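Given next are the chains, with one letter for each unit.
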Amino acid sequence: MAEALLAARGLHTYYGASHILNGVDFAVGRGECIGLMGRNGMGKTTLLRSMLGLVRPRQGSVEVRGRDMTRAAPHAIARAGIAFVPEGRGIFPNLTVRENLVMAARPGVDGRREWGYERVLATFPRLGERLDNGGAQLSGGEQQMLTIGRALMTNPDLLILDEATEGLAPLIAREIWNIIRGIRASGIATVIVDKNYGAVLGLADRCVVLVKGCVVFTGTPGQLADNEEMMQRYLGV
Amino acid sequence: MDLAFFLIQLLNGLQYGLLLFLVASGLTLIFGIMGIINLAHGSFYMLGAYLAWSLASMTNSLVAAIALGVVLTVLLGIALEWLLIRHFYERDHLYQVLLTYGLILVFEEMRSVIWGDDVHGVPVPDLLAYSIPLTENLSYPVYRLVISAVCLLLALAMYLLIARTCLGMMIRAGSSNREMAQSLGINIKLVYMLIFALGVALAGFAGMINAPLSSVFPNMGGGVLIICFVVVVIGGIGSVKGAMVASLLIGLAETFGQVLVPEVAGMIVYLLMAAVLVWRPEGLFRKL
Ligand SMILES: Nc1ncnc2c1ncn2[C@@H]1O[C@H](COP(=O)(O)OP(=O)(O)OP(=O)(O)O)[C@@H](O)[C@H]1O
Ligand SMILES: [Mg+2]
């Protein structure tokens, strides 16, 4: 793999006294799609937050495009081309749909402006009908589309999706998966955390399995699907 | 109470309320959005008044004094945020109270060293030093009307800033979900610094424009601070709209209270606060 877009080495993260990440190595290359997997409470979200500067790892390093950003502020990491769709969405309820999108608009690190207001609305036509609604008036699916659309407005090189389809009706979830597939095909690297392992295996180039803050598996979806012990013991399938 | 007298009290009440709004709007933003309890906010009002007095006597122009004073208060706000306040965002309110109470003492001492402990008056600029006659023996000073108009313009500018500009969207986004705003590339520390500097400048500006009406004296920030906290609580913490409504309410209540029921005038704002809190414990409006 060429220079990684995002790379974490030996991350140890604590919440108070509890040791959550136990020396995690993790890397995403350009255009790569990674499925980050593991049962509840294994540290997936904590790993993402540690790399995004939202929690401070006690040990280890985070590099973005080969530059050390271990202690960097979250906004600096975002501006290095990384967009985040967090667990539980994170729309701004006191901003309208339009404002939620416009406030994030920015060209990519290399000056790309592939994603703008029009293209996001073309991708998510439902949002176009609700532009003046407050963020809180949207349905769960629409909120998720708004969060993804808003992330795209930053023209990221890497999009991190934490439980993007959680709690959505199957039909809406399918729509979201189609959109994620489209984003991946457009060349944006993605890290996907999702309970729908089938969909993740079908999309990812590489899967990483976390157990109690340790990486226990890295490999292709095919290798993971063939590894019965891994699937049963650590993913509960 | 005849009509002209009523009109005068009404204008006075509105003018006082609008002035309170300038101080309280910064206080409510700093409290509601940045989470900082700033007891030193009244000191900025006091500093503004002293700056207006001393710069006006140097330059012979209140307008020049105010222009200079605004620049100085903005710089003061930036410096304070950078040196002190930003290290207290994550801390308990108790630390913030101790810090900002300490700042009151420091500012009062500085005021005493630089400007002394005397009471001073600031003349109304010649251009505005006349009154509009209302009846044969009642008239209203133009300077008060001008102050009210300036406050209204500033309130409008603040509304537009928050509702219509990019910075306003960032402020609102940061107030509802700070982490998400940061993860979208917003430098929240810079936004906070701007909010704090804006708050300091508004409080200072209020002190400056009101100096010709109130005179300039030691500890003049204390009373304003307390009333402004009442405004913040009534209006809803973090709500600029609420600060506006509550400021006008209190301005009118206090002004009319003093002429209609002078015996309890000192209690009126607190009774008002108690009544509002019984009715709406969170204050009249929600955060931005
Ligand atoms: N703010 C916090 N304070 C203390 N402990 C926390 C906090 N956030 C998470 N934890 C704990 O850290 C561990 C890892 O949580 P994390 O959210 O990273 O897991 P996850 O793999 O994302 O799980 P899920 O699939 O439920 O989202 C869990 O045991 C959780 O209880
Ligand atoms: Mg999680």
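Residues numbered from 1 in each chain as written. Chains lettered and ligands numbered in written order. Predicted model: local features only at pLDDT ≥ 70, side-chain atom pairs only at ≥ 80, totals over all residues. Heavy atoms only, no water.

**Here's the deal with the environment of B:Gly283**
Residue and element names in this part refer to chain B. One can find Gly283 in the segment after helix H11 (265-279). In the structure, Gly283 is positioned 52 residues away from Val231 in sequence and 9.5 Å away in space, judged by C-alpha atoms. Setting aside its immediate chain neighbours within four residues, Gly283 contacts Val233, Ile234, Gly235, Gly236 and Leu277. (Helix = DSSP H or I, 4+ residues; strand = E, 2+ residues; numbered from the N terminus. Contact = heavy atoms within 4.5 Å.)

**Side note on the site of ligand 1**
Residue and element names in this part refer to chain A. Near ligand 1 you find 13 residues, and of these Gly41, Lys44, Thr45, Thr46 and Glu87 are the closest. Between ligand 1 and Asn40 there is a distance of 3.2 Å, counted from an oxygen atom to a side-chain nitrogen or oxygen. Thr45 has a polar side-chain atom sitting 2.6 Å from an oxygen atom of ligand 1. When the free accessible area of ligand 1 is taken as 630 Å², the share hidden by the protein chains comes to 59%. Per element, the largest residue contribution to the shell around ligand 1 is three residues, and it comes from helix H1 (residues 44-51). (Near = heavy atom within 4 Å. Polar contact = N/O pair within 3.5 Å; in protein donor to acceptor, adjacent residues only side chain to side chain. Areas by Shrake-Rupley, 256 points an atom, 1.4 Å probe, with all protein chains shown as cover.)

**A look at the environment of A:Ser50**
All names here are of chain A. By the element assignment, Ser50 lies in helix H1. Look at Ser50 and you get buried, because its relative accessible area is 2%. Residues Ser50 and Met69 lie 19 residues apart in sequence; the distance between their C-alpha atoms is 11 Å. Contact partners of Ser50, with chain neighbours within four places excluded, come to Leu11, Thr13, Leu21, Val55, Pro57 and Val62. Among the polar contacts made by the side chain of Ser50, one reaches the main-chain carbonyl oxygen of Thr46 at a distance of 2.7 Å. (Buried < 20%, exposed > 50% of the residue type's maximum accessible area, 1.4 Å probe, protein only.)

**A closer look at the interface of chain A and chain B**
Counting residues at the interface gives 22 residues for chain A and 17 residues for chain B. Between chain A and chain B, a total of about 1700 Å² is buried, with carbon and sulfur atoms accounting for 60% of that surface. Its salt-bridge partner being A:Arg49, residue B:Glu179 comes within 2.8 Å of it at the nearest N-O pair. Viewed at the interface, chain B and chain A are joined by eight residue pairs in polar contact (both at pLDDT 80 or more). Within the residue set of the side of chain A that touches chain B, elements represented by two or more residues are helix H2 (74-79), strand E6 (82-85) and helix H3 (97-102) of chain A. With four residues, the top contributor of residues to the side of chain A that touches chain B is H2(A). Split into classes, the residues belonging to the side of chain A that touches chain B amount to twelve nonpolar, four polar and six charged. (Buried area = accessible area lost by both parts, 1.4 Å probe. Salt bridge = Lys/Arg side-chain N within 4 Å of Asp/Glu carboxyl O. Nonpolar A, V, L, I, M, F, W, Y, C, P; charged D, E, K, R; others polar.)

**Concerning the confidence of the model for chain B**
Detailed reading of predicted coordinates is not advised where the pLDDT is low. Taken residue by residue, chain B gives an average pLDDT of 95. The fraction at 70 or more is 100%. In the predicted assembly, ipTM is 0.93 and pTM is 0.91. (pLDDT = per-residue confidence, 0-100.)

**Examining the sheet that holds strand E8 (residues 189-193) of chain A**
Residue and element names in this part refer to chain A. Spatial ordering of the open sheet is given by E6-E7-E8-E3-E9-E10, a layout of six strands whose pairing is mixed. The outermost strands of the open sheet, each flanked by one partner alone, are E6 and strand E10 (214-219). Pairwise comparison of adjacent strand axes, ignoring direction, gives a mean angle of 15° for this sheet. The strands touched by helix H6 (residues 140-152) within the sheet are E6 and strand E7 (158-162), with E6 carrying the most contacts at an inclination of about 175°. (Pairing = 2+ DSSP bridges. Axes fitted to C-alpha atoms, helices over the stretch in contact; angles between N-to-C directions.)

**Notes on the pattern of salt bridges**
On inspection of all chains with the given rule, the structure shows 18 salt bridges over all chains. Note that A:Arg98 is salt-bridged to A:Asp132, the shortest N-O span being 2.7 Å. You can see A:Arg98 sitting in helix H3 and its partner A:Asp132 sitting in the loop between helix H5 (125-128) and H6, a full 34 residues away along the chain. With relative accessibility at 33%, the residue A:Arg98 sits in the partly exposed group. Residue classification places A:Asp132 among the exposed residues on the basis of a relative accessible area of 59%. Taking the shortest distance from any N to any O, the salt bridge between B:Asp117 and B:Arg111 comes out at 2.6 Å.

**Considerations on unusual backbone geometry**
The backbone of A:Arg65 sits at a positive phi, close to 50°, despite the residue not being glycine. One can find A:Arg65 in the loop between strand E4 (59-64) and strand E5 (67-68).

**With respect to the packing of H6(A) against helix H7 (residues 170-185) of chain A**
If you want to describe how two helices pack, look at the angle between their axes and the distance between the axes. Residues and elements named next belong to chain A. Taken N-terminus to C-terminus, the directions of H6 and H7 make an angle of 10°; their axes are 10 Å apart at the nearest point. Regarding the angle of H6 to H7, the classification is roughly parallel. Two secondary-structure elements touch here, H6 through Gly141, Gln144, Met145, Ile148 and Leu152 and H7 through Ile172, Glu175, Ile176 and Ile183. (Parallel < 35°, antiparallel > 145°, perpendicular 65-115°, else oblique.)

**A word on the packing of aromatic side chains**
All names here are of chain B. Under the definition given, this model contains seven aromatic pairs over all chains. Ring centres 5.8 Å apart and planes at 70° place the aromatic pair Phe44 and Phe107 in the edge-to-face group. Note that Phe44 is positioned in helix H2 (residues 41-59) and Phe107 in helix H4 (residues 93-115), a separation of 63 residues in sequence. Considered together, Phe44 and Phe107 belong to a single accessibility category, that of buried residues. (Phe/Tyr/Trp six-rings, centres within 6.5 Å; stacked < 30°, edge-to-face > 60°.)

**Some thoughts on helix H8 (residues 188-214) of chain B**
Residue and element names in this part refer to chain B. The end-to-end C-alpha distance of H8 is 37 Å, a good match for the 39 Å that 27 residues give at a rise of 1.5 Å each. Along its length, H8 shows its largest kink, about 30°, at Met208, and proline Pro212 lies within four residues downstream of that point. Across the 27 residues of H8, 21 count as buried, placing the element largely inside the fold. Directly beyond the C-terminal end of H8, a positive phi value near 65° is found at Ser215. (Expected span 1.5 Å × (residues − 1). Bend = angle between axes of the 7 residues up to and from the residue.)

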